[in-house]
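Here is how the chains run, residue by residue.
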Amino acid sequence: MPAVQLVRLKKQIEDLSGLFAQPEDFLARLRFIFEQYGDLTYHAGQATKPVSLLPTYRAPAMLMKQLEINLAPLCAARPLEALTIIDLLWQEEFLEPRQLACSLLGQTALTPFQAIINRLESWPKDTQDTNLIDALFSAGSERLRREVPNRWLDVLRDWMGTSDLPLHKNALIALLPFILDREFENLPVVYNLITPSLQQDSADLPSELQKVLAGLARRSPIETGYFLRQILATNNETSLQRLVRRCLPSFPLETQIRLKAALQARSTPQNDA
């Protein structure tokens, strides 16, 4: 973005920040900014495949970044006002306001704590866009992971214990940012959380479990390989074996060999003593 245009953009976003206590005016001004800097002349099929099911302004990354920089401190200092604006953003038709809602939710002070959890639990029901759901649990849980990781993990444990399959899937998606965060060292709690899902018939959770296991394999291949061999030793579900085979490419060769041996042992009929 040219320097002159960037200076103008920063001034516009500063003015937008001044409307933080006036949500409807804030939203109207934000729409104007998106329309001004977005590329609404793009038509689906012109170039690359769209990354979202939602219509998009095709707003430049600099615009999104500058919005986050300016608005994040307000969300930290004025959480109740922030939640009002965030809710309006999530209800917008276009992708970028919803992405901004995810980012700002993750910057909003955790007071009240339950208000953040309620949105993380309910918002995925409003969309089938998997990329947006991933963004919600990655960006939208940032303060939870940083400030109250154990409380957030307890919430995910409750979600995974429910009979609500979509909520269970969302809990697995929400584990990925923990796994990808090199500063998060308590991987045993992640293994503990996913064990019931693996011990039961995992056929209803193949995609989400595969992503979690692949992330664990890249983060800690030896520990994850050992964990899966222990699970395989006590479980003969074909869905589990299929899942482990799909995850093999994420492991180094030596661990793959050991897991293949464990899989072979489970698929080989045992002779009666």
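Worth saying up front: this structure is predicted, and the values here are computed from it rather than measured.

Cut-offs used in this document
- Along every chain, residues carry numbers that run from 1 in the direction the sequence is written.
- The predicted origin of the model limits local features to residues at a pLDDT of at least 70 and limits the giving and counting of side-chain atom pairs to 80 or more, whereas totals for whole chains, interfaces and linings rest on all residues.
- Heavy atoms from the whole structure form the basis of all side-chain values; hydrogens and water molecules are not counted.
- The helix count covers DSSP runs of H or I at least four residues long, the strand count covers runs of E at least two residues long, and both are numbered beginning at the N terminus.
- Burial status follows relative accessibility: with a 1.4 Å probe on protein chains alone, a residue under 20% of its type maximum counts as buried, one over 50% as exposed, and anything between as partly exposed.
- Residues are treated as being in contact if the distance between any of their heavy atoms lies within 4.5 Å.
- All accessibility values rest on the Shrake-Rupley procedure with a 1.4 Å probe; residue burial counts only the protein chains present in the view.
- Counted as positive: Lys and Arg. Counted as negative: Asp and Glu, with His and the chain ends omitted from the count.
- Each charge is placed at NZ for Lys, CZ for Arg, CG for Asp and CD for Glu.
- Note on aromatic pairs: the rings of Phe, Tyr and Trp (six-membered ring only in Trp) are paired at centre separations within 6.5 Å, and the planes decide the class, stacked below 30 degrees, edge-to-face beyond 60, tilted for the rest.
- Working rule: Lys NZ or Arg CZ, within 6 Å of ring centre, within 35 degrees of ring normal, means a charge sits over the ring.
- Axis lines are fitted through C-alpha atoms, for helices just across the contact stretch, and the angle between N-to-C directions can take any value from 0 to 180 degrees.
- Should an angle lie under 35 degrees it is considered roughly parallel, over 145 roughly antiparallel, and from 65 to 115 roughly perpendicular; all remaining angles are considered oblique.
- Helix crossings fall into two classes, left-handed where the near helix is turned counterclockwise from the far one by less than a right angle and right-handed where it is turned clockwise.
- Throughout this entry, Asp, Glu, Lys and Arg are counted as charged residues, while Ala, Val, Leu, Ile, Met, Phe, Trp, Tyr, Cys and Pro are counted as nonpolar. The remaining residues, Gly among them, count as polar.

Looking at the overall build of the protein chain
The helix and strand inventory of the protein chain stands at 15 helices and zero strands. Based on the C-alpha atoms only, the size of the protein chain along its principal axes is roughly 80 × 45 × 30 Å. Within the protein chain, the fraction of its 273 residues that count as buried is 48%. Considering only intrachain contacts with a sequence separation of at least 6, the fraction spanning at least 24 residues in the protein chain is 70%. Counting every atom, the protein chain has about 14100 Å² of accessible surface; 52% of that belongs to carbon and sulfur. Averaging the positions of the 29 positive and the 31 negative side-chain charges in the protein chain gives two centres separated by 5 Å.

Regarding the packing of aromatic side chains
In the structure shown here, the tally under the stated rule is eight aromatic pairs. Over the face of the ring belonging to Trp-90 we find Arg-98, whose NZ or CZ atom lies 4.9 Å from the ring centre.

Considerations on the environment of Ala-174
Position of Ala-174 relative to the elements: it lies in helix H10 (residues 165-180). C-alpha of Ala-174 to C-alpha of Leu-95: the two residues are 79 residues apart in sequence and 20 Å apart in space. If we ignore the near neighbours within four places in the chain, the residues touching Ala-174 are Phe-137, Trp-152 and Leu-156.

Structural notes on the packing of helix H13 (residues 221-233) against helix H14 (residues 238-247)
Where H13 meets H14, the closest approach of the two axes is 11 Å, and the angle between their N-to-C directions is 160°. By the angle class used here, H13 and H14 are roughly antiparallel. Considering how the two elements wind past one another, H13 and H14 form a crossing that is left-handed. Listed contacts from H14 to Leu-228, Ile-231 and Leu-232 of H13 are Leu-240, Gln-241 and Val-244. Considering only residue class, the contact of H13 with H14 consists of five nonpolar, one polar and no charged.

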